[in-house]
Amino acid sequence: MESLHFSSSFLCTSPLTTASPLTKTPSKIRIRVSIRSSVTPDPWSLSDGNPDRPKPKSKHPKNPLSDDNARRIIKSKAQYLSALRRNQGPHAQTPKWIKRTPEQMVRYLQDDRNGHLYGRHVVAAIKRVRALSEKAEGEYDMRTVMSSFVGKLSFREMCVVLKEQKGWRQVRDLFSWMKLQLSYRPSVIVYTIVVRTYGQIGKIKLAEQTFLEMLEAGCEPDEVACGTMLCTYARWGRDKAMLAFYSAVQQRGILLSVAVYNFMLSSLQKKSLHQKVVQVWRQMVGEGVVPNKFTYTVVITSLVKQGLIEEALKSFEESKNGGFVPEEATYSLLISLSTKNGDYDQALALYEDMRSRRIVPSNYTCASLLTLYYKKEDYSKALSLFSEMEKKKIAADEVIYGLLIRVYGKLGLYEEARTTFKEMEQLGLLSDEKTYLAMAQVNLNAGNYDKALEVIELMKSRNNIWLSRFAYIVLLQCYVMKEDLSSAEVTFQALSKTGLPDAGSCNDMLNLYIRLNLMEKAKDFIAQIRRDRVDFDEELCRTVMSVYCKEGMIRDTEQVIEELGTSRLFKDSRFIQTISRAMCEHKEDQQLEGKLVTFFQPDSVALGLVLSLYLANGNMSKTEKVVALLLETSGGLSTASQLIRNIIREGDAYKAEIRINQLLKLGCRVDNATISSLISLYGKKRKLKKAQEIFTAFADSPLAKKLLCNSMLDAYAKCGKSEETYFLYKQLTEEGHDLDAVAISIVVNALTHSGKHKEAENVIRQSLEHRLELDTVAYNTFIKAMLEAGRLHFASSVYENMLSEGVTPSIQTYNTMISVYGRGRKLDRAVEMFNTAHSLGLSVDEKAYMNLISYYGKAGKRHEASMLFAKMREGIKPGMVSYNMMMNVYATGGLYQEAEELFEAMKQDGWSPDSFTYLSLIRAYTESLKYSEAKEIINSMQQNGVYPSCSHFNLILSAFAKMGLIGEAERIYEELLAAGLNPDVACYGTMLRGYMDYGHVEEGIKFFEQISESIKDDRFILSAAVHFYKSVGKEVQADSVLHSMSSMGISFLENLEVGSKLKSPPVLQN
């Protein structure tokens, strides 16, 4: 509680006496000595203790001190204070220096106060009464306790003793004793002391009784007494009693101090009675009371809470003009309110003023500013503010992190948003549903509905809360994007239980039905939301109109327009007004016509929908009128063409062709881009004849032919008609048409895919010779075509031509050139291409890295391949294919340890090894003669759910066969059969190669006879069988096999030799 401030002659700490005859001062000599000291007033003092406040001029000025007396007093005081500081430390409380007459100084010294505030008998009385606080109620009699002080204490001294008491019982009993003394006289001061004591401990009833007693005693309450009573009510939250008492005080015309008003305003604000705060504030200002800093702080807060922004800002400026430095909380409230009201300039001005005063903003202020920047879409400043918060070590709360996630989402920094969300999760800041939903919406914007659903499931599992309406809306958006119809319908039903569905959610559901081509459900859904009287917005209205117009539902369209006729949307939407006017004109509805607002330009999209409505119904008379109206509209032809393109985009070429012909009969020819789209659609559907018919019908001018040729070339290419593609190309060039880069690329791709590399090369050479304007994609197509044709030198020359023409290569260009030089065994040039792409700042993708790595592996430079793969992993997370390629590089060199490490790294990155991964790992073990580990991989594959193929077994078979370990090879072969696999030709050949090289003739013949029914035309297996039969003298069987080979046109391998590697078998290595 702030001290109540008022002045009274009674409160002077030294006694006032008459002048003594012993100390006369010459009247002619007037020496004015001003002695001051800063004294910390005790908390019970009613004095304001303000040394700067001027004292009132006295009508009877006191006699000044003589020089001797002045010097003596000053010197003694200095000595006393010096000793006091030495004995009591730097925080000692020193008495207040005041001006006294010589007579007062004599009395002061006689009292032996020696610097104390009160005389010895007063101090003894204070201690005597204070000691009673240790006794219970009724254990003492105040008259007996104070008997020794009867007649010794003046009324003023009794008030001092009363004021210095701590306990309310001692105050009550001492006050009762005082009233029995002869020196007692009723005074507002003594009653004020008692009221204040009762008020400080919450004895409001006793305080009220004392105040009434004061009135009954004839004491007129002054501003201090009334202020004390008001502060009592304010301290204990008795706002009704306080306001009633305040009204009585106003009626008496008593002017209260600013401290009392502060108490009242603060009490009312704590109980959120902001309207009452504003009322009291205005009354205070009207009475001329000068507010202080605390007053402004409280009042501005309540003005903000009441939404009185102008008055709050006015009070804010007054406080600054008064020399007060506003608190951070005041700035924060004003910035927040300005942001909510959309006054961004005012909010930023407040923030700049705050920074100029070096006031560090709180996290609440930062949250308001981040909200401001988010609404203004000034995301760079939002991120700068967050960086500034980190520098100033301002702790970010959940609200700030949530805003930061939204900012990252708007900037497309989805990974940063997810990282921030994970950081919040680690810090334990995830508690508000809004934060989860913000992260879910960011994932939706990134097109990752699975992660959005994961966030919502995390919210439901951790908070165990019921989903809010907004949560259902976001969840519905997830299912709509996922095209999960059943879940979306369940979520929409749950949303409907929270209230009438919003237009946005209805639009999402309707679009889902349209995307899934569930038009009957879409129509039923529209009927349902119309029955429920959902408030349509323009987007929902557009979607509904598109469904009705597409389905030819004229009556339903008219009903929707009539239902919207009374809504505000009808008056504000040019789209709905245009449909209404177009349909009202034919219906002659005068009532609806009167509601229409004349627009300068009708909505062409709306007219296009009305056109599709009448076209679907086959009403050509109304269609003709709408077409005429559409063609008068700016962009009308484009709208009609767009209408046809929408049908083409849906894949209905037949319907699109009908609409084109209908419009053509009405004199409306759609643009060439629409015709081109239709030709492309027929080509995609492999209806080449229809595409040719459309091309012939509309390519009736050189310009139209040039614009439609790309689509026709593409149609030929999609239908696999490379010869027709090449023929049309030659026809167009002979007619003098300059084909663009797209057309040339289509022709080259078509010829390359059909293996007509010579013709493709001719097209490329002709394009380069005629210096056609080619783009990067066309050059990439040329280089890739020549790469596939094996024309590596010409591919290099195309690249050089590209650079000389100033066409900028893309990462695809460099990637293809790496393949060109790599296949041509010019590894240095391939590395040069890679480094060039990197030095130009191009985003080198995973494909480029792995392309070069594969050529490093083929060249046997496994160390370089490993270094490049490690460099790639610094910025790119390798995919499964990349891991398998690198694993194969290690495997071909027998680097099984490196392969094992890469295998573990792949699993740590979240990739599950597939069949190719295990194949490379088995190869690594077999190349390094680790046969037992290779066999263990076969077993571990099955345990991990990956079933081995013949290729996996064949690697081990081949290793054993090459080493002459035929018994081991046979055992592996048996395991292959036991695994339920049918051996392929490679496995048969491997087994026979082992039998052949190491002279196992009988086993070889037996094996051949077992598989002879499965093998018909393999040259090696049949030749090996002939050699086996001849080596044991079975000429008949050998001739039979030779005859079979001859009949099948298979030549015999004469250079095979039985037992060519016959030697002692090696030892099996682990």
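Residues numbered from 1 in each chain as written. Predicted model: local features only at pLDDT ≥ 70, side-chain atom pairs only at ≥ 80, totals over all residues. Heavy atoms only, no water.

**A closer look at the overall build of the protein**
Alright, step 1. A tally of helices and strands in the protein yields 57 helices and zero strands.
Alright, step 2. Per-residue burial for the protein yields a buried fraction of 47% across its 1070 residues.
Alright, step 3. Pairs at least 24 residues apart make up 65% of the contacts formed inside the protein by residues separated by at least 6 positions.
Alright, step 4. Accessible surface computed for the protein: about 55300 Å², of which carbon and sulfur atoms make up 49%. (Helix = DSSP H or I, 4+ residues; strand = E, 2+ residues; numbered from the N terminus. Buried < 20%, exposed > 50% of the residue type's maximum accessible area, 1.4 Å probe, protein only. Contact = heavy atoms within 4.5 Å. Areas by Shrake-Rupley, 256 points an atom, 1.4 Å probe, with all protein chains shown as cover.)

**Topic: the nonpolar core**
Alright, step 1. Membership of the largest hydrophobic core comes to 322 residues, with the highest contact counts inside it found for Met-146, Met-178 and Leu-256.
Alright, step 2. Tallying contributions element by element places helix H23 (residues 469-482) first for this core, with nine residues.
Alright, step 3. Ignoring any residue separated from it by four or fewer positions in sequence, one finds Met-178 in contact with Phe-155, Met-158, Cys-159, Leu-162, Tyr-184 and Val-190. (Core = buried A, V, L, I, M, F, W, Y, C linked by side-chain atoms within 4.5 Å.)

**Focus on the confidence of the model for the protein**
Alright, step 1. For the protein, per-residue confidence averages 81 on the pLDDT scale, and residues scoring 70 or more make up 87% of the total.
Alright, step 2. Of the regions scoring below 50 in pLDDT, residues 1-51 engages in 93 contacts with residues more than four places distant in sequence or in other chains.
Alright, step 3. In the model, residues 586-600 has pLDDT below 50 throughout and makes 28 contacts with residues more than four positions away in sequence or in other chains. (pLDDT = per-residue confidence, 0-100.)

**Side note on the pattern of salt bridges**
Alright, step 1. For the coordinates displayed, the defined rule picks out 37 salt bridges.
Alright, step 2. The partner of Arg-530 in a salt bridge is Glu-563, and the shortest N-O contact between them spans 2.8 Å. Remark: Glu-563 occurs in helix H28 (residues 554-563) and Arg-530 occurs in helix H26 (residues 519-531); sequence separation between them is 33 residues.
Alright, step 3. On the accessibility criterion, Arg-530 (16% relative accessible area) is buried.
Alright, step 4. Connected via shared salt-bridge partners are Glu-137, Arg-169, Arg-172 and Asp-173. (Salt bridge = Lys/Arg side-chain N within 4 Å of Asp/Glu carboxyl O.)

**Some remarks on the side chain of Ser-920**
Alright, step 1. Within the secondary structure layout, Ser-920 lies in helix H50 (residues 915-927).
Alright, step 2. With residues up to four places along the chain from it excluded, the contact list for Ser-920 reads Asn-884, Met-887, Asn-888 and Ala-891.

**Digging into unusual backbone geometry**
Where the residue is not glycine, phi is negative for most of them; where a peptide bond is considered, it is trans in most cases.
Alright, step 1. With phi around 60°, Arg-533 is a residue other than glycine that occupies positive phi space.
Alright, step 2. The residue Arg-533 is located in the loop between H26 and helix H27 (538-550) in this model.
Alright, step 3. With a relative accessible area of 70%, Arg-533 lands in the exposed category.
Alright, step 4. Positive phi is not limited to glycine here, since Arg-771 has a value of about 50°.
Alright, step 5. With respect to the element layout, Arg-771 can be found in the loop between helix H41 (757-769) and helix H42 (776-788).
Alright, step 6. Judged by relative accessible area, which is 60%, Arg-771 ranks as exposed.

**Comments concerning helix H43 (residues 792-804)**
Helical periodicity: at 3.6 residues per turn, an α-helix aligns residues three or four positions apart in one direction.
Alright, step 1. The terminal C-alpha atoms of H43, which comprises 13 residues, lie 19 Å apart, in line with the 18 Å expected from a rise of 1.5 Å per residue.
Alright, step 2. Every buried residue belonging to H43 is among Leu-792, Phe-794, Ala-795, Ser-796, Val-798, Tyr-799 and Met-802, and all of these are buried.
Alright, step 3. Directly beyond the C-terminal end of H43, a positive phi value near 80° is found at Gly-806. (Expected span 1.5 Å × (residues − 1).)

**Observations regarding the packing of aromatic side chains**
Alright, step 1. Applying the stated criterion to the full structure yields 26 aromatic pairs.
Alright, step 2. When the centroid spacing of 5.1 Å and the interplanar angle of 80° are considered together, the rings of Phe-316 and Tyr-331 count as edge-to-face. Of the two residues, Phe-316 sits in helix H14 (residues 309-321) while Tyr-331 sits in helix H15 (residues 328-340), which places them 15 residues apart along the sequence. The two residues Phe-316 and Tyr-331 agree in class, both being buried.
Alright, step 3. When the centroid spacing of 6.3 Å and the interplanar angle of 70° are considered together, the rings of Tyr-779 and Phe-782 count as edge-to-face. A residue pair is termed a helical-turn pair when its members lie 3 or 4 positions apart in one helix, as Tyr-779 and Phe-782 do in helix H42 at three residues.
Alright, step 4. Look at Tyr-779 and you get buried, because its relative accessible area is 3%.
Alright, step 5. A connected cluster of aromatic rings, assembled from ring pairs, spans Phe-155, Phe-175, Tyr-184 and Tyr-191.
Alright, step 6. The ring centre of Phe-794 lies 4.0 Å from the NZ or CZ of Arg-765, which sits over that ring. (Phe/Tyr/Trp six-rings, centres within 6.5 Å; stacked < 30°, edge-to-face > 60°. Lys NZ or Arg CZ within 6 Å of the ring centre and 35° of its normal.)

**Here we look at helix H6 (residues 168-178)**
Alright, step 1. Counting buried positions over the 11 residues of H6 gives eight, a clear majority of the element.
Alright, step 2. Those residues of H6 lying buried are Trp-168, Gln-170, Val-171, Asp-173, Leu-174, Phe-175, Trp-177 and Met-178.
Alright, step 3. Elements in contact with the buried residues of H6: helix H3 (120-130), helix H4 (142-145), helix H5 (155-163), helix H7 (188-200) and helix H8 (204-216).

**A short note on the environment of Val-605**
Alright, step 1. Mapped onto the elements of the fold, Val-605 is located in helix H32 (residues 604-617).
Alright, step 2. Of the residues examined, Val-605 reaches a relative accessible area of 43% and is grouped as partly exposed.
Alright, step 3. C-alpha separation for the pair Val-605 and Phe-575, spaced 30 residues apart in sequence, amounts to 7.6 Å.

**Some words on the environment of Phe-525**
Alright, step 1. With respect to the secondary-structure elements, Phe-525 resides in helix H26.
Alright, step 2. Sequence spacing of Phe-525 and Tyr-513 is 12 residues, and the spatial spacing of their C-alpha atoms is 9.0 Å.

**Section: the packing of H41 against H43**
Alright, step 1. Where H41 meets H43, the axes come as close as 12 Å, and the angle between the chain directions of the two elements is 25°. When the axis of H41 is compared with that of H43, the two are roughly parallel. Between H41 and H43 lies a crossing of left-handed hand. In this structure, H41 contributes Glu-761, Ile-764, Arg-765 and Leu-768 to the contact, and H43 contributes Phe-794, Val-798 and Asn-801. (Axes fitted to C-alpha atoms, helices over the stretch in contact; angles between N-to-C directions. Parallel < 35°, antiparallel > 145°, perpendicular 65-115°, else oblique. Left-handed = near helix turned anticlockwise from the far one by under 90°.)

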